[in-house]
Protein chains: 2
Amino acid sequence: MAELVRVAVDAMGGDNAPGEVVKGAVEALNESDRLKIFLVGKEQIVKEELSKYTYDTNRLEVVNATEEIEMAEPPVMAIRTKKDSSIVKAMFMVKHKEADAYVSAGSTGATLVGGQVIVGRLKGVERAPLAPLIPTENGVSLLIDCGANVDARPSHLVQFAKMGSVYMEHVCGIPNPKVGIVNIGAEEEKGNALVKETFPLLKNCPEINFIGSVEARDIPLGVADVIVCEAFTGNVILKMYEGVAKTLLKVVKKGLMSNLRAKIGGLLIKPTLKNVLKDYDTEQYGGAPMLGLSGLVVKTHGSAKAVEVKNSILQCVTFTEQNIAEKIQKAISSEA
Amino acid sequence: MAELVRVAVDAMGGDNAPGEVVKGAVEALNESDRLKIFLVGKEQIVKEELSKYTYDTNRLEVVNATEEIEMAEPPVMAIRTKKDSSIVKAMFMVKHKEADAYVSAGSTGATLVGGQVIVGRLKGVERAPLAPLIPTENGVSLLIDCGANVDARPSHLVQFAKMGSVYMEHVCGIPNPKVGIVNIGAEEEKGNALVKETFPLLKNCPEINFIGSVEARDIPLGVADVIVCEAFTGNVILKMYEGVAKTLLKVVKKGLMSNLRAKIGGLLIKPTLKNVLKDYDTEQYGGAPMLGLSGLVVKTHGSAKAVEVKNSILQCVTFTEQNIAEKIQKAISSEA
């Protein structure tokens, strides 16, 4: 039997911890027999939650951590001082190769900082981007970077393009993934200073399949597999995606309650609507991986329910078994 | 009788010119008796279109312009060399005070460049932003800047906040409009270098009602009346709004055709859906004004139909009658 993929899960992080996190972890364990999970958090509380479920006890361990990092805490300070927090302890397990991957719904700031300073970047990686999958008409695209490194430089974006290509090819199974850069027009001479400087670098990069500029309005169409952008822009794209979809659905639902005819119609379309919109539910895709680190770090939504936690953990199996970190290391070090 | 508001309309610009532009102009004229329209374009073609309609011929003139600026032409060169194009001629009418406002569905680049170099900025205005109204759950918000000045400096954003406040108060009738800056987190210490530098300037600006950071996901909720951002970010926000809405509706429609039950439901909800989604149709709001110029310049979508052209022209009446340019001039010159 191959070695199990070991995932350290922050049992205390997120709005629905530890309940939904523990539930998601158990579900992942029951779905994949190639997995071992460490639930890191306050031992007694976690064990109480675990007592509700049946699972293979050989493949799940509770690791006690007495402290918690709050969402609003300044991340650098929290990482430095709360050595016995679930986040810091789980991160160190990855650093010390006791775990292959880390999953947390807790503080984004602490996860990003911990990823860089505890787990550490692969040799040659200048910045480690956060890269969620976003739903499109054609399936999914990888949005890289969606919030880890604001004010990035052109060389960072080129590395993001390479890392994103490795991810899409080997985790999502898309051969020769198309790479686009977010721009405010389709022509090469358009854009801000960062994009204008990065464009020719991507164009002359033999390791990627660069298709040029992508306008934000075409992102939901799925025109590129890897969407490269600076973190501020990426964060705006991700949040607009969630915000517009949520508001539109709210408006439609409200409309459907406004008169009897619409109410009946609404009941008739409900199952179909639920089905088609499932693809637009970000929880289906698991959390966002932080790429370019010497272990895998995955950040899920703070509001993650069990299904997102489960999918985030399962993603770690493919990532680890496909040796993505090694492949990224190779792609980056092929630089001139 | 008060003087008529004179609007120079680029009859040749946009995907549906001159047909929809002429139609929209006639509709605006028939809706407001405070309006005079100059249709600038190839005289014979425009007159042919006009012959289809009935309107007050005293308040509409055709101004001959023999050249056209194509969408893909480099704007600076086009503005310089095509002196007899509809865009350049209409712009000069505003500069020479023969018209109060300019409306075009044609080349965005040429309109933005022409606004700056032909119409000209008000004294003290550093950059003239493009500022469309976007639909929200609470009505509309002004997104400023959505594409005119990439790589803006903090002092530009402060001026945008002031100009946007004047517009929302006096054109949209919102007293003491709330101003937010687009950011990737709610806390003051979050953001990129531009936002971090701009935040305290806005906080210490007594002329505006600054409410702090706005995350992109909250923009559709209508949390602020004036959404201040750098043009690259603004363009991404605007295009994501359009792209996500379009894709979601396409997905829903496709789902509604997938089975009989959903088809019947779809027919029942159609009138209600159409009604609630009307508020999310950007054509209802007319084009985007370019603020801070010594005359009004309005850019509509390239794909604008008659209704958007009409609403864009009618917007010019309020703008001019409310002396917005003068009020903006005053707000800007109150700077220390």
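On a predicted model such as this, the values are computed, not experimentally measured, just so you know. (Residues numbered from 1 in each chain as written. Chains lettered and ligands numbered in written order. Predicted model: local features only at pLDDT ≥ 70, side-chain atom pairs only at ≥ 80, totals over all residues. Heavy atoms only, no water.)

Novice: Any chance you could explain the confidence of the model for chain A here in plain terms?
Specialist: When pLDDT drops low, the exact placement of atoms in the prediction is not to be read closely. In this model, chain A carries an average pLDDT of 91, and 97% of its residues clear a pLDDT of 70 or more. Note on the complex model: pTM 0.90, ipTM 0.88. (pLDDT = per-residue confidence, 0-100.)

Novice: What exactly am I supposed to notice about helix α10 (residues 306–321) of chain B here?
Specialist: Residues and elements named next belong to chain B. Between its terminal C-alpha atoms α10 stretches 23 Å, which fits the 22 Å expected from 16 residues at 1.5 Å a residue. The buried fraction of α10 amounts to 12 of the 16 residues, a majority that puts the element mostly inside the structure. Considered for burial, the residues of α10 that qualify are Ala306, Glu308, Val309, Lys310, Asn311, Ser312, Ile313, Leu314, Gln315, Cys316, Val317 and Phe319. Immediately downstream of α10, the backbone of Asn323 shows phi near 50°, a positive value. (Helix = DSSP H or I, 4+ residues; strand = E, 2+ residues; numbered from the N terminus. Expected span 1.5 Å × (residues − 1). Buried < 20%, exposed > 50% of the residue type's maximum accessible area, 1.4 Å probe, protein only.)

Novice: How should I be thinking about empty space enclosed by the protein in this particular structure?
Specialist: With a probe scaled to a water molecule rolled over the atoms, the places where space remains empty come into view. One pass over the full model with this rule turns up 2 cavities of 30 Å³ or more. A volume near 100 Å³ is recorded for the largest cavity. For the largest cavity, the full set of lining residues is Leu248, Leu249, Val252, Ile269, Leu273 and Leu277 of chain A together with Leu248, Leu249, Val252, Ile269, Leu273 and Leu277 of chain B. Broken down by secondary-structure element, the contributors of at least two residues to the lining of the largest cavity are α8 (231–256) and α9 (260–278) of chain A together with α8 (231–256) and α9 (260–278) of chain B. Looking at the lining of the largest cavity, its residues break down into 12 nonpolar, no polar and no charged. (1 Å grid on protein atoms, 1.4 Å probe; cavity = no way out; pocket = protein on both sides within 12 Å on 5 of 7 lines; lining within 4 Å. Points joined across faces, edges and corners; volume = space filled by probe spheres on them. Nonpolar A, V, L, I, M, F, W, Y, C, P; charged D, E, K, R; others polar.)

Novice: How do you make sense of the nonpolar core when you look at a structure like this?
Specialist: One recurring pattern in soluble globular proteins: nonpolar side chains tend to sit buried together. Counting 238 residues, the largest nonpolar core has Ile37, Leu39, Ile219 and Ile313 of chain A together with Leu39, Ile219 and Ile313 of chain B as its most contacted members. Non-local contacts of Leu39 of chain A, meaning those with residues more than four positions away in its chain, are made with Val9, Ala11, Val22, Ala25, Val46, Leu50, Leu60, Glu61, Val62 and Val63 of chain A. (Core = buried A, V, L, I, M, F, W, Y, C linked by side-chain atoms within 4.5 Å. Contact = heavy atoms within 4.5 Å.)

Novice: Whenever I open this one, the interface of chain B and chain A confuses me. Can you help?
Specialist: The extent of an interface is frequently quoted as the accessible surface area lost upon association of the parts. Taken together, the contacts link 51 residues of chain B with 51 residues of chain A. Taken together, the two surfaces of chain B and chain A that pack against each other cover about 4,600 Å², and 74% of this comes from carbon and sulfur. The three residues of chain B that bury the most area against chain A are Ile184, Phe232 and Met240 of chain B, which together make up 15% of that side's buried surface. For the salt bridge of Arg217 of chain B with Glu242 of chain A, the shortest nitrogen-to-oxygen distance reads 3.7 Å. The tally of links from chain B across to chain A stands at 12 residue pairs in polar contact (both at pLDDT 80 or more). Of all the secondary structure elements, the ones that give two or more residues to the side of chain B that touches chain A are β7 (178–183), α7 (193–203), α8 and α9 of chain B. In terms of residue count, α8 of chain B provides more of the side of chain B that touches chain A than any other element does, 19 residues in total. (Buried area = accessible area lost by both parts, 1.4 Å probe. Salt bridge = Lys/Arg side-chain N within 4 Å of Asp/Glu carboxyl O. Polar contact = N/O pair within 3.5 Å; in protein donor to acceptor, adjacent residues only side chain to side chain.)

Novice: I would appreciate a short explanation of the packing of α8 of chain B against α9 of chain B in the present structure.
Specialist: Two numbers describe a pair of packed helices, the interaxial angle and the distance between the axes. All names here are of chain B. Packing of α8 against α9 brings their axes to within 9 Å, and their N-to-C directions diverge by 150°. Considering the angle they form, α8 stands roughly antiparallel to α9. Seen from α8, the contacting residues are Leu249, Gly255 and Leu256; seen from α9, they are Ala262, Lys263, Gly266, Ile269 and Leu277. Among the residues making up the contact of α8 with α9, the classes are represented as 5 nonpolar, 2 polar and 1 charged. (Axes fitted to C-alpha atoms, helices over the stretch in contact; angles between N-to-C directions. Parallel < 35°, antiparallel > 145°, perpendicular 65-115°, else oblique.)

Novice: In this structure, what is going on with the sheet that holds strand β11 (residues 296–299) of chain A? I would like to understand it.
Specialist: What holds strands together in a sheet is hydrogen bonding between their backbones, with the strands either parallel or antiparallel. Residues and elements named next belong to chain A. What the 6 strands build is an open sheet, ordered β3-β2-β1-β4-β11-β10; its pairing is mixed. Where the open sheet ends on each side, the last strands, each with one partner, are β3 (60–64) and β10 (288–290). Within the sheet, the average angular offset between the axes of one strand and its neighbour, ignoring direction, is 25°. Sheet topology places strand β4 (residues 101–104) next to β11; 4 bridges connect them, and they run parallel. Residue pairing for β11: Tyr102 is matched across the bridge by Val297. Of the strands in this sheet, β1 (5–10), β2 (35–41) and β3 touch helix α1 (residues 19–31), which is tilted by about 165° from β2. (Pairing = 2+ DSSP bridges.)

Novice: Can you help me understand unusual backbone geometry in this one?
Specialist: One can expect most non-glycine residues to show negative phi and most peptide bonds to be in trans. Note that the residue after Ala17 of chain A, namely Pro18 of chain A, is joined by a cis bond; omega there is -5°. Here Pro18 of chain A shows up in the loop between β1 and α1. With an omega dihedral of 15°, the bond running from Ile144 of chain B to Asp145 of chain B counts as a cis peptide bond. With respect to the helices, strands and loops of the structure, Asp145 of chain B is situated in the loop between β6 (139–144) and α6 (154–170). Residues other than glycine seldom take positive phi values, yet Lys97 of chain A does so here, at roughly 60°. Its location among the elements puts Lys97 of chain A in the loop between α4 (86–95) and β4. One non-glycine residue, Asn323 of chain B, adopts positive backbone phi at about 50°.

Novice: Hey, could you run me through the side chain of Thr233 of chain B in this one?
Specialist: Tracing the backbone shows Thr233 of chain B in helix α8. Residue Thr233 of chain B is classed as buried on the basis of its relative accessible area, which comes to 6%. The residues touching Thr233 of chain B, leaving out its near neighbours within four places in the chain, are Phe232 and Val236 of chain A together with Val182 of chain B.

Novice: Looking at this model, I keep getting lost on the relation of the copies chain B and chain A. Mind explaining?
Specialist: What connects the two chain copies is a rotation about an axis and a shift along it. Rotating chain B by 180° and translating it 0.0 Å along the rotation axis places it on chain A, where the RMSD comes to 0.0 Å. What we have between these two chains is a two-fold relation. Measuring from the rotation axis to each C-alpha of chain B, the shortest distance belongs to Gly265 of chain B, at 1.9 Å. Of the residues that chain B buries at the interface, 100% are likewise interface residues in chain A, meaning the two copies contact each other through the same surface. (Least-squares fit on C-alpha atoms with pLDDT ≥ 70 in both.)

Novice: Would you take a moment to explain the sheet that holds strand β9 (residues 226–228) of chain A for this structure?
Specialist: Residue and element names in this part refer to chain A. With mixed pairing, 5 strands are arranged side by side in an open sheet as β5-β6-β9-β7-β8. Strands with a single pairing partner mark the edges of an open sheet, and in this sheet they are β5 (133–136) and β8 (209–215). Recorded for the sheet is a direction-independent mean angle of 30° between the axes of neighbouring strands. Of the strand pairs in this sheet, strand β7 (residues 178–183) and β9 are connected by 3 bridges, and their pairing is parallel. Along β9, the bridge assignment pairs Val179 with Val226.

Novice: It is not clear to me how the pairing of strand β11 (residues 296–299) of chain B should be interpreted in this structure. Could you clarify?
Specialist: On any regular strand, side chains alternate: one points to one face of the sheet, the next to the other face. All names here are of chain B. The alternating pattern of β11 places Leu296 and Val298 on one face and Val297 and Lys299 on the opposite face, and all of these are buried. Pairing of strand β10 (residues 288–290) with β11 involves 3 bridges; the strand directions are antiparallel. Across the sheet, Met290 pairs through a bridge with Val297, a residue of β11. The turn joining β10 and β11, which pair antiparallel and follow one another in sequence, is formed by 5 residues; a positive phi near 90° is taken by Gly292.

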